[in-house]
Amino acid sequence: RVLGVDATCGCVVATGMPPRLASGDAGTLTLAVRPSRRPGPFRAALRVWIDPAPTSRPATLEIRGYTGSRLAVRPKQLDLGPRTAGVLVRRRVEVAWVDALADGSVEAAFEGLDGSVDVEASPFAGRLGASLRLGVQVPTTPGPFTGRVVVRVTGESECVALPVRGVAVVRR
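Below or above, wherever it landed, is the structure these notes cover.

Here is what the cut-offs are and how they apply
Residues numbered from 1 in each chain as written. Predicted model: local features only at pLDDT ≥ 70, side-chain atom pairs only at ≥ 80, totals over all residues. Heavy atoms only, no water. Helix = DSSP H or I, 4+ residues; strand = E, 2+ residues; numbered from the N terminus. Buried < 20%, exposed > 50% of the residue type's maximum accessible area, 1.4 Å probe, protein only. Areas by Shrake-Rupley, 256 points an atom, 1.4 Å probe, with all protein chains shown as cover. Salt bridge = Lys/Arg side-chain N within 4 Å of Asp/Glu carboxyl O. Pairing = 2+ DSSP bridges. Axes fitted to C-alpha atoms, helices over the stretch in contact; angles between N-to-C directions. Core = buried A, V, L, I, M, F, W, Y, C linked by side-chain atoms within 4.5 Å. Contact = heavy atoms within 4.5 Å.

**Some thoughts on the overall build of the protein chain**
Then comes step 1: In terms of regular secondary structure, the protein chain is built from zero helices and 13 strands.
Then comes step 2: Within the protein chain, buried positions represent 30% of all 172 residues.
Then comes step 3: Total accessible area on the protein chain is roughly 10500 Å²; 50% of this is exposed by carbon and sulfur atoms.

Structural data, given as structure tokens:
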């Protein structure tokens, strides 16, 4: 007898499991997964409670997936706001990619702005990706500035452009 099915998030809906199965029979559980619109990896879990249960815990199904393009950068843009002209602003950006790109390393470079990029392993255990430590050099000329950081996995043609913008101001 199936007592209940629940998910760790509202992004998974389970249907089709009959409430009663005879010993040795099989049933089909259909899952509809609606992950976040945010590109990148996601995880969810589904628990099935049965009676009599072989243990006091439910059977758990872990669901892992990836949405969007093969390469995802978060945040989608860097808006630095007003910054003192000539200073170096540091920000961290997370990069994730699908399993097919797992053996690659990340390359990133500034376009239209001066800056530096240090690539580090992702701080999130088990996640395919990297953490980028960006050093954005705010222009010395007062006014709005824009540029981008182009990110790609080594050997892959697909890239993601991360827009960077702000306003260089002179403090008096």
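Continuing now.
**Describing the pattern of salt bridges**
Any two side chains of opposite charge can pair, on the condition that their charged atoms come close.
Then comes step 1: One pass over the full model with this rule turns up five salt bridges.
Then comes step 2: Salt-bridge contacts for D6 lead to R47; the nearest nitrogen and oxygen are separated by 2.9 Å. Of this pair, D6 sits in strand β1 (residues 2-7) while R47 sits in strand β4 (residues 40-50); the two residues are 41 residues apart in sequence, bridging distant segments of the chain.
Then comes step 3: In this structure, D79 and R165 form a salt bridge, with 3.3 Å as the shortest nitrogen-oxygen distance. Of this pair, D79 sits in strand β7 (residues 78-84) while R165 sits in strand β13 (residues 159-169), and the two are 86 residues apart along the sequence.
Then comes step 4: What emerges from the salt-bridge pattern is a single network uniting R92, E120 and R133.

**Observations regarding the sheet that holds β7**
Then comes step 1: The strand order across the open sheet built from four strands is β7-β13-β12-β9, with neighbouring strands paired in mixed fashion. Looking at strand neighbours, the two that pair on one side only are β7 and β9 (106-111), the edges of this open sheet. Each adjacent strand pair in this sheet contributes to an overall mean axis angle of 20 degrees, direction not counted.
Then comes step 2: Where strand β12 (residues 143-153) lies against β13, ten bridges are found, and the strand directions are antiparallel. Following the sheet pairing, R148 is matched in β13 by P163.

**As for the nonpolar core**
Across soluble globular proteins, you tend to see nonpolar side chains buried next to one another.
Then comes step 1: Formed by 24 residues in total, the largest nonpolar core has its most connected members in V95 and L134.
Then comes step 2: The set of elements that each furnish at least two residues to this core consists of β6 (71-74), β7, β8 (88-97), β9, β11 (129-137), β12 and β13.
Then comes step 3: Filtering out sequence-adjacent residues up to four positions away, L134 remains in contact with L78, V89, R90, R91, V93, F110, S116, V117, V149 and L162.
Then comes step 4: Counting six residues, the second largest nonpolar core, distinct from the first, contains C11, F42, L46 and I63.

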